[in-house]
Amino acid sequence: MPRVFNTTGLCVPEEHYMVNLDRRLCEIKGLVDSGKYFTIHRARQYGKTTTLMALSRYLRKDYYVVFVDFQIFGNADFRTESIFSAAFADTFIKALKRQQPDMTEGVVAAIRALEEKCTAGGEGFTLRPLFERLIDICAVLDKPVVLMIDEVDSATDNQVFLDFLAQLRAQYLQRFWHPALKSVILAGVYDVKNLRQKLRPQDEHRYNSPWNIAADFDIEMSFSGESIAGMLAEYENDYHTEMDIRRMADLVFDYTSGYPFLVSRLCQLVDEKVSAIYGSKKAAWTDDGFQVAVHMLIHEKNMLFDSLVGKLYDYPQLKKMLRAILFAGKTYTYMADGSVIDIATMFGFIRNDKGNVAVANRIFETRLYYFFLSEEENQDAEISMSNPGRGI
């Protein structure tokens, strides 16, 4: 089955055209080898889950990797500390067994102890005994354990989750005195240091404690022109379109600034939609074909653009700033600790352009421009409908 460009869900190299992630994975492994506790925080559809799954494969020679996706935890799983502890223990054990660790007598006993505690504990099986049993398992395994939690910010408004983070912090700080998880990797839109953006004002006292050990994550997650060219070269080897690979890669990067979803979506549109219009893939992978794909992307409805617009309504100051940049040419100094700039950066809307705020890429810039124009037109239409006699 031929590979395709994918913009929905997890990307896997056997099925999808992807940029090479080896350099990124090597850099992240360096953090793991150093025993760091960190968050991979990037905007929606920025390849976080794909990176985590690739990293899980990459690490398994040296570590047992326990991957937990908080999207599969329902509200009921967070209802009480005991319910959450049982759900987490079950997920942890199953993830470990799937990797078939060396089941020595000690490993079997440690896992059985957690299972029995989980089954019989009831309300008494809380976070403290959960972590005590996890430490016992770490002590008898033949390789260190790395814990990955995806979609971590989906639970940040829950007290049980925050208590769980505090326990993670406690065991991490005590790792020099007893066996512990080697590294903890959390993934979500919100950096742990921006967690307070999701807390109610009265809850902000819970913000600092769980997170003041988190290491900075500065590894580049966007795609470079070179990496895009590498992906297109693999596609060209399959389809022989005679495209100018370097030219196409530069165009894709110029419009997207390497935003992973936008890169894949543009390539997908050229491959699937534009080639159908032009009659062949060879005719589609040209400057003209690329511009048709850009027009399609800017005007389509997709989850990324829906999220972008939703955030404009959630954060009026963000909307005001972007409108002023696009329509008034206003300049804002890029200050990472400025509230609205911090939020805009976190959601992937803006970038630091020589000390000033700039819209993150040309696709976002054009899409936002049309959105603001459409909003004004709709407001004018509403005024006209409410005053039908105006202008007569």
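Our subject is the structure that appears above.
What you see is a predicted model; the values in this text were computed from it and never measured. (Residues numbered from 1 in each chain as written. Predicted model: local features only at pLDDT ≥ 70, side-chain atom pairs only at ≥ 80, totals over all residues. Heavy atoms only, no water.)

**A word on the overall build of the protein**
A count of helices and strands for the protein gives 16 helices and 6 strands. Here the protein holds 392 residues, and the buried ones make up 49% of them. Summarising the internal contacts of the protein: among those between residues at least 6 apart in sequence, 71% fall at separations of at least 24. Of the roughly 19,100 Å² of accessible surface on the protein, 50% is carried by carbon and sulfur atoms. (Helix = DSSP H or I, 4+ residues; strand = E, 2+ residues; numbered from the N terminus. Buried < 20%, exposed > 50% of the residue type's maximum accessible area, 1.4 Å probe, protein only. Contact = heavy atoms within 4.5 Å. Areas by Shrake-Rupley, 256 points an atom, 1.4 Å probe, with all protein chains shown as cover.)

**A look at the environment of V32**
With respect to the helices, strands and loops of the structure, V32 is situated in helix α1 (residues 22–33). As for V32 and S183, which are separated by 151 residues in sequence, their C-alpha atoms are 5.6 Å apart. For V32, the residues in contact, after removing those within four places along its chain, are F38, L59, Y63, V146, K182, S183 and I185.

**Focus: the environment of S183**
Along the polypeptide, S183 turns up in strand β4 (residues 183–188). Judged by its relative accessible area of 0%, S183 is buried. In sequence terms S183 and S34 are 149 residues apart; their C-alpha atoms lie 8.1 Å from each other. Non-local contacts of S183, meaning those with residues more than four positions away in its chain, are made with V32, G35, K36, F38, V145, V146 and L147. A distance of 2.5 Å separates the side chain of S183 from the backbone oxygen of K36, its partner in a polar contact. (Polar contact = N/O pair within 3.5 Å; in protein donor to acceptor, adjacent residues only side chain to side chain.)

**Here we look at the nonpolar core**
Core analysis: the largest hydrophobic core is formed by 83 residues, its most contacted members being F349 and F364. The greatest single-element share of this core, amounting to 8 residues, is contributed by helix α10 (residues 260–278). Other than its neighbours up to four places away in sequence, F349 contacts L308, K311, L312, L318, L322, A344, A358, V359, A360 and F364. (Core = buried A, V, L, I, M, F, W, Y, C linked by side-chain atoms within 4.5 Å.)

**Side note on helix α4 (residues 105–120)**
With 16 residues, α4 extends 22 Å from end C-alpha to end C-alpha; this agrees with the ideal 22 Å at 1.5 Å per step. Taken residue by residue, α4 has V107, A110, I111 and L114 as its buried positions. Angularly, the buried residues of α4 cover 95° about the axis, an arc narrow enough to put them on a single face. With respect to the buried face of α4, the exposed residues turned more than 90 degrees away are E105, T119 and A120. The inward-facing, buried residues of α4 abut α3 (81–98) and α5 (127–140). (Expected span 1.5 Å × (residues − 1). Arc of directions from axis to C-beta.)

**As for empty space enclosed by the protein**
If you walk through the whole model with that rule in mind, you get 3 cavities of 30 Å³ or more. Empty space within the largest cavity amounts to approximately 80 Å³. Residue lining of the largest cavity: A43, R44, V189, Y259, L304, S307, L308, K311, F347 and F349, and that is the complete set. A breakdown of the residues in the lining of the largest cavity according to their chemical character gives 7 nonpolar, 1 polar and 2 charged. (1 Å grid on protein atoms, 1.4 Å probe; cavity = no way out; pocket = protein on both sides within 12 Å on 5 of 7 lines; lining within 4 Å. Points joined across faces, edges and corners; volume = space filled by probe spheres on them. Nonpolar A, V, L, I, M, F, W, Y, C, P; charged D, E, K, R; others polar.)

**Quick look at the pairing of strand β5 (residues 350–353)**
Put simply, side chains in a regular strand alternate between the two faces of the sheet. In the sheet, β5 pairs with strand β6 (residues 356–359) via 4 bridges, with the strands oriented antiparallel. Across the sheet, the residue bridging to N352 is V357, located in β6. Counting the residues that bridge the hairpin from β5 to β6 gives 2 residues, and of these K354 lies at a positive phi of roughly 55°. (Pairing = 2+ DSSP bridges.)

**As for the packing of aromatic side chains**
Taken as a whole and judged by the stated rule, the model has 33 aromatic pairs. Between F5 and Y17, the aromatic rings sit 5.0 Å apart at their centres with planes inclined by 40°, giving tilted as the arrangement. One end of the pair, F5, is in the segment before α1; the other, Y17, is in the segment before α1, and 12 residues separate them in sequence. Each member of the pair, F5 as well as Y17, carries the same accessibility label: buried. Summarising the aromatic geometry, the rings of F70 and F164 are spaced 6.5 Å apart at their centres and angled 55° between planes, so their arrangement reads as tilted. With F70 in the loop between β2 (64–69) and α3 and F164 in helix α6 (residues 159–173), this pair connects stretches of sequence that are 94 residues apart. Accessibility expressed as a relative area gives 2% for F70, which makes it buried. (Phe/Tyr/Trp six-rings, centres within 6.5 Å; stacked < 30°, edge-to-face > 60°.)

**Comments concerning α5**
For α5, built from 14 residues, the straight-helix expectation of 20 Å at 1.5 Å per residue is met to within 8% by its first-to-last C-alpha distance of 21 Å. Buried residues of α5: L127, P129, L130, F131, R133, L134, I135, I137 and C138, and no others. At its buried positions, α5 is contacted by α3, α4, β3 (145–150) and α6.

**Some thoughts on the packing of α3 against α5**
Where α3 contacts α5, the axes come no closer than 9 Å and their chain directions differ by 15°. What the angle tells us is that α3 and α5 run roughly parallel. Seen along the crossing, α3 lies across α5 with a hand that is right-handed. Within the contact between the two elements, α3 uses E81, F84, S85, F88, A89, F92 and L96 and α5 uses L127, L130, L134 and I137. Each residue belonging to the contact of α3 with α5 can be placed in one class, and the counts come to 9 nonpolar, 1 polar and 1 charged. (Axes fitted to C-alpha atoms, helices over the stretch in contact; angles between N-to-C directions. Parallel < 35°, antiparallel > 145°, perpendicular 65-115°, else oblique. Left-handed = near helix turned anticlockwise from the far one by under 90°.)

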